[in-house]
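Tertiary structure, described
Each chain is listed here by its residues.
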Amino acid sequence: MGIALQVIEIAVASIPEDLRRARVARVNLTVGKLSAVVSESLRFCFEVASRETPVEGAELVIEEVDVVARCNACGHQWTIEEPAFSCPHCNSGDITLISGRELDIRSIEIEDETNDTTDAEQPDRGRGRSL
Amino acid sequence: MPNNPTAAAAAASDLRIRLHHKEGRPGHHSHPHSRGGAPEKTHQRATREIKVVRRVLDANDIMADQNRKLFSEKKVFVLNMMSSPGSGKTTTLIKTLGKLMTGLRCAVIVGDICSTYDADQLSVTGAPVVQINTDEFGGDCHLAAHVVARALSDIDLDEIDLLVVENVGNLVCPAEFDMGEDARVVVLSVAEGEDKPIKYPLMFRQCDAALLNKVDLLPYLDYDKDLAVSNIRQIHPEMPIFSVSAKTGEGFDPWLEWLKGRIKVKLG
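In this report, we go over the structure that sits alongside the text. From a predicted model like this one, the values you see are computed outputs, not experimental measurements.

Attention shifts here to the overall build of chain A. Within chain A, the regular secondary structure consists of four helices and six strands. Beginning at the N terminus, the succession of helices and strands in chain A can be written as α-β-α-β-β-β-β-β-α-α. Taken over 131 residues, chain A has a buried fraction of 50%. For chain A, contacts bridging at least 24 residues in sequence account for 68% of all contacts bridging at least 6. Of the accessible surface of chain A, which amounts to about 6,100 Å², a share of 47% is contributed by carbon and sulfur atoms.

Below is the structure:
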């Protein structure tokens, strides 16, 4: 839940001033497979905690990142497919994780009202006057 | 997908690191981006993507760094103790403090979702104890840096050498939240099964030492201690593992020596 609240806080703060009233369609996250995030739980928490916020109803899109390690002894680099953190070449335990710990907000996607509503009936200048 | 720095992400096979979780592959959702400026006649609205690129836990990490700076100024060593519920963290801590408090001034912050049960137990040590109930913070399953920072107002950091933070019992989320601590230990009891390190790899990667607790129960259990140790080593090959019984005091000396060594490196 703490992570969901942070996602919401950052996403809301990222909505540009002039688009405050637009609907946020998606929040795009990058999550390493070695993070403590369980996607289903995060989605559920996000859905509950985002109610009555500007990101209510937004879809949480989670892109997973493999766990990639480099051996500090022999330099071998590999993708960790199962929970074993020793070098498959030289068996050293002295490794550096290159990826897999990510927990980042990549972007948000906002419904583009100008594209959507202008088609025929609402040219820009007409709308300007009506305000 | 846009600029993923790790090309490895694309070719993800079914990784078994988080056994309880399978996620759709990147790129399988459809984006209704507008094409070539032509008016769209789709049911889905066009969207505008706004780059953010921020770590979700930035705010926590900034607060953790502030805590760390304060702990350094005040010359306090901070230990973060984590485990699943019922592994014997509190009893282990009571025993540990009993042995350490002859030479070190200690205090404890203990986190639970609710109740002051652990704080009441810990008070027998004579160390100042601050209980945090996370239900005031949304019932969080872990302690975050700002929650610890707030508890610090109840502790005189000038009067202590060692601050132990007993985290909420949980092997998942606490591993993700830095609090500004100097060392992390995970307590795992032999009553929990040998598979825990494999199921919760992040916790065992993140910790600096593991305590294998309740070894006094081994004669009564179908527990393969060698397998448990080998599973921990599989996740964190170089991590010290101490077999202890908080009940009988068995095996405490090597653990206390390790901890004192770490404290000495920081406090001199």
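All names here are of chain A. Applying the stated criterion to the full structure yields zero disulfides over all chains. Free of any disulfide, Cys 71 has its nearest neighbouring cysteine sulfur in Cys 90, separated by 3.6 Å. Judged by its relative accessible area of 1%, Cys 71 falls in the buried class. Cys 90 gets classed as partly exposed once you look at its relative accessible area, which sits at 35%.

What follows is about the sheet that holds strand S2 (residues 59-65) of chain A. On the basis of which strands lie adjacent, the open sheet formed by four strands has the order S2(A)-S1(A)-S6(A)-S1(B) and mixed pairing. Lying at the two open borders of the sheet, with one neighbouring strand each, are S2 of chain A together with strand S1 (47-55) of chain B. Going from strand to strand, the sheet's axes swing by 20° on average, the running direction of each strand aside. The strands touched by helix H2 (residues 39-49) of chain A within the sheet are strand S1 (24-32) and S2 of chain A, with S2 of chain A carrying the most contacts at an inclination of about 155°.

Residue and element names in this part refer to chain B. Across the sheet, which stays open at both edges, the seven strands sit in the order S4-S3-S5-S2-S6-S7-S8 with parallel pairing between neighbours. Every other strand in the sheet has two partners, leaving strand S4 (129-133) and strand S8 (241-243) as the edge strands with one partner each. Strand-to-strand twist of the sheet, defined as the mean angle between neighbouring strand axes without regard to direction, takes the value 20°. As judged from the five bridges shared by strand S6 (residues 183-189) and strand S7 (residues 209-213), these two strands associate in the parallel manner. Its bridge partner lying in S7, Leu 188 is registered against Leu 212. Packed on one face of the sheet, helix H8 (residues 252-267) meets strand S2 (77-83), strand S5 (162-166), S6, S7 and S8 and runs near 140° to S2.

As a further point, take the packing of aromatic side chains. Applying the stated criterion to the full structure yields three aromatic pairs over all chains. Feature note: the residues Phe 242, Trp 255 and Trp 258 of chain B constitute an aromatic cluster, connected by ring pairs.

With that settled, consider the environment of Asp 161 of chain B. Residues and elements named next belong to chain B. Assignment of secondary structure puts Asp 161 in the loop between helix H4 (145-151) and S5. Residue Asp 161 is classed as buried on the basis of its relative accessible area of 15%. A C-alpha to C-alpha distance of 6.1 Å links Asp 161 and Leu 104, two positions 57 residues apart in sequence. In this view, Asp 161 contacts Lys 75, Val 76, Phe 77, Leu 104, Arg 105 and Leu 267; residues no more than four positions away in its chain are not counted.

Attention now moves to the nonpolar core. Among the nonpolar cores identified, the biggest contains 50 residues, and Ile 3, Val 7, Val 27, Leu 29 and Ile 108 of chain A together with Ile 109 and Leu 163 of chain B are the most heavily contacted of them. No other element matches helix H1 (residues 2-13) of chain A, which puts six residues into this core. Residue contacts for Val 27 of chain A: discarding those within four places in its chain leaves Val 7, Ala 11, Phe 46, Ala 58, Glu 59, Leu 60, Val 61, Ile 105, Ser 107 and Ile 108 of chain A. By size, the runner-up hydrophobic cluster in this structure holds 30 residues, among which are Ile 95 of chain A together with Leu 202, Ala 210 and Met 239 of chain B.

A word on unusual backbone geometry. Residues and elements named next belong to chain B. Its identity is not glycine, yet Ser 115 carries a phi of approximately 85°, on the positive side. Position of Ser 115 among the secondary structure elements: in the loop between strand S3 (106-112) and helix H3 (117-122). In this structure, Lys 214 takes a positive phi of about 65° despite not being glycine. If you trace the backbone, Lys 214 turns up in the loop between S7 and helix H7 (225-235).

Across all of its chains, the model carries 21 salt bridges over all chains by this definition. Note that Glu 63 of chain A and Arg 106 of chain A form a salt bridge whose closest N and O atoms lie 3.4 Å from each other. Of this pair, Glu 63 of chain A sits in strand S2 while Arg 106 of chain A is found in strand S6 (residues 103-111), placing the two residues 43 residues apart along the sequence. When sorted by exposure, Glu 63 of chain A lands in the same class as Arg 106 of chain A, which is buried. Salt-bridge contacts for Arg 101 of chain A lead to Glu 176 of chain B; the nearest nitrogen and oxygen are separated by 2.8 Å. Within this pair, whereas Arg 101 of chain A is found in the loop between strand S5 (95-99) and S6, its partner Glu 176 of chain B is found in the loop between S5 and S6, the two belonging to separate chains. Taking relative accessible area as the criterion, Arg 101 of chain A reaches 28% and is therefore assigned partly exposed. Beyond isolated ion pairs, a larger network of salt bridges with shared partners links Asp 65, Arg 68, Asp 178, Glu 181 and Arg 184 of chain B.

Thresholds applied
Residues numbered from 1 in each chain as written. Chains lettered and ligands numbered in written order. Predicted model: local features only at pLDDT ≥ 70, side-chain atom pairs only at ≥ 80, totals over all residues. Heavy atoms only, no water. Helix = DSSP H or I, 4+ residues; strand = E, 2+ residues; numbered from the N terminus. Buried < 20%, exposed > 50% of the residue type's maximum accessible area, 1.4 Å probe, protein only. Contact = heavy atoms within 4.5 Å. Areas by Shrake-Rupley, 256 points an atom, 1.4 Å probe, with all protein chains shown as cover. Disulfide = S-S within 2.5 Å. Pairing = 2+ DSSP bridges. Axes fitted to C-alpha atoms, helices over the stretch in contact; angles between N-to-C directions. Phe/Tyr/Trp six-rings, centres within 6.5 Å; stacked < 30°, edge-to-face > 60°. Core = buried A, V, L, I, M, F, W, Y, C linked by side-chain atoms within 4.5 Å. Salt bridge = Lys/Arg side-chain N within 4 Å of Asp/Glu carboxyl O.

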